[in-house]
Amino acid sequence: MMSIRKFVALFFFLTISNVLSQVRNFEDIINLRAEQAYKYLIANISRSDTPKGFIVASPSKVDPDYYYHWVRDAALVMRSLSLILPTNNQFYLRQVNQYASLESNHQKISKLSDQGEPKFNPDGTSFKGPWGRPQNDGPALRSAYFSNIALAKAAKGDLNYLKKFYAPNLPARSLLKIDFEYVSHKWNNPDFDLWEEIQGQHFYTRMVQHHSLKLAAEVATISKDIGAKSWYLSQSEKIENSLNDHVKEDKIIRATVKRVGGLDSKHSQLDSSVILAVLHTDRIEGHLSITSEEIQKTFITLDQTFKKLYPINQKKVIRNNKNRYLPTLATAIGRYPEDSFFGGNPWYLLTSTFAEYCYRQAAFWKKQSSTSQFNSFHKKSQSMISKFLNLRGNPSAQDFYRAWKNKGDQYLARVLYHVDDAGHQAEQMDKVNGHFKGANDLTWSYAAYLSAVHHRKLLQKQNRR
Ligand code: NOJ
Ligand code: NOJ
């Protein structure tokens, strides 16, 4: 007789091989993995032993213990859900309300670092152990998320969310006002970066704070809170100017300036969070945007640095049944070259984010093809980009579009190469053997993958027009 265990194992093996046998091409793999990613992401929300709306960063409770609700991770996960689910999806609408109540509670309970408190316990209290705090990107990301929902509804004439989330009264008591006040008064104070390691002023944090206050001005305008509107605008302009502190002569963005504490090992100041910053704030064109010379240069430099640094990026990929539909693999991307967390490895979420960056570049170039504007576009950085994308001669907008799209597919293929048979992702992939490292089923890894796939789909829709 077969033991129950063996039977269950065989059952799963058969289901998985059955599912995989339906995969006929790269598109099928992308979609299969997206369905699985969605399932694992949802499993990390409102778990039976956490409050409603609570999003664990990962189900892992030891080595590392990620069984907390991080303000940053949660806001980014919700952002991805808002991209992939229809606005009237019942599950999503319930989650928005539960997440709003949970965060509103988090804002009011006792904490060691006000609204910059990075993470909360599953029993609803704030985490009070030693930690890098405050982390001020959290309230900026959270308020940008809720503003976008409220503004989208308001644009359709429905002011309910706006009224629920924002009230002009001071001292602030509403979800958005509390965050806007905190961001607008505290942005100039040193805090810990999104990797929770360095205390200083960070490009990523500044970018999301700027984004939050721009939205704050819109929310205040509709709410007829005119004094607040000009205050938020004036602070957002100051933040925008402070971004220049991060740009040096070589045009490569420095992640942190004015360091006052925390780790002191990031000598290169090169960091993938710069790419997260432009994507999380939807800066497509203009100063320090996806298509700016500085960001493109930083992107390419990061890719080239990680390519040399991680052994898996040099390994010859052996073709087998499992990966036969994947295109060439691009570089697996880490946080920053000096990283030593779990030995310092590439991250799933960052590699997916690099794919998204390429798809959004492709979307930009797709639009340019009907105009002649691209001819004078970034002449200075053009040759570096052409080389990176393997483009020869005098590439057209259409060539750039295709090359960025292919590059995006190659980053996505890198992620797909390192998922397991059931489509699980972890936090990191071992830089030597490519196996899971760090927290398993990291919610943010799934969110970043789904967001990349979403932007790839948008590109295809744009194609058919
Ligand atoms: C935990 C943090 O979350 C992680 O980002 C950091 O690298 C390690 N602590 C080491 O400081
Ligand atoms: C460590 C990462 O550095 C940080 O950005 C993240 O918020 C936590 N892990 C939780 O996922």
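For the structure itself, consult the block above.
Anyway, here's the lowdown on the structure attached to this text.

Conventions we followed
- Residues numbered from 1 in each chain as written.
- Chains lettered and ligands numbered in written order.
- Predicted model: local features only at pLDDT ≥ 70, side-chain atom pairs only at ≥ 80, totals over all residues.
- Heavy atoms only, no water.
- 1 Å grid on protein atoms, 1.4 Å probe; cavity = no way out; pocket = protein on both sides within 12 Å on 5 of 7 lines; lining within 4 Å.
- Points joined across faces, edges and corners; volume = space filled by probe spheres on them.
- Helix = DSSP H or I, 4+ residues; strand = E, 2+ residues; numbered from the N terminus.
- Nonpolar A, V, L, I, M, F, W, Y, C, P; charged D, E, K, R; others polar.
- Near = heavy atom within 4 Å.
- Polar contact = N/O pair within 3.5 Å; in protein donor to acceptor, adjacent residues only side chain to side chain.
- Areas by Shrake-Rupley, 256 points an atom, 1.4 Å probe, with all protein chains shown as cover.
- Pairing = 2+ DSSP bridges.

The gaps left among the atoms become clear once a water-sized probe is rolled over them. This structure, assessed with the given rule, holds 2 cavities of 30 Å³ or more. Each pocket or cavity is described by its volume, and for the largest cavity that value is around 140 Å³. Forming the boundary of the largest cavity are 14 residues, of which S80, H280, E356, A448 and S451 lie nearest the centre. Every element with two or more residues in the lining of the largest cavity is listed here: α3 (71–84), α10 (273–280), α12 (348–368) and α15 (443–464). Considered class by class, the residues forming the lining of the largest cavity number 7 nonpolar, 4 polar and 3 charged. Size it by volume and the second largest cavity reaches roughly 50 Å³. The wall of the second largest cavity is formed by D193, L194, H202, F203, Y204, A255, T256, K266, D271 and S273. Residues of the lining of the second largest cavity, tallied by class, amount to 4 nonpolar, 3 polar and 3 charged.

Below, the discussion takes up the site of ligand 1. W195, E196, E197, R335 and F341 make up every residue found near ligand 1. Backbone polar atom of W195 to an oxygen atom of ligand 1: 2.6 Å apart, as the coordinates give it. A distance of 2.3 Å is found between an oxygen atom of ligand 1 and a side-chain nitrogen or oxygen belonging to E196. Look at ligand 1: alone it shows 290 Å² of surface, and the protein chains cover 71% of it. Here the residues of the shell around ligand 1 sort into 2 nonpolar, no polar and 3 charged.

Let us now look at the sheet that holds strand β3 (residues 191–192). The strand order β3-β4-β5 describes an open sheet built from 3 strands, whose pairing is antiparallel. A single partner strand is all that each edge strand has here, and the edge strands are β3 and β5 (256–262). The pairing of β3 with strand β4 (residues 198–202) spans 2 bridges and is classified as antiparallel. Bridge pairing in β4 links D191 to G200.

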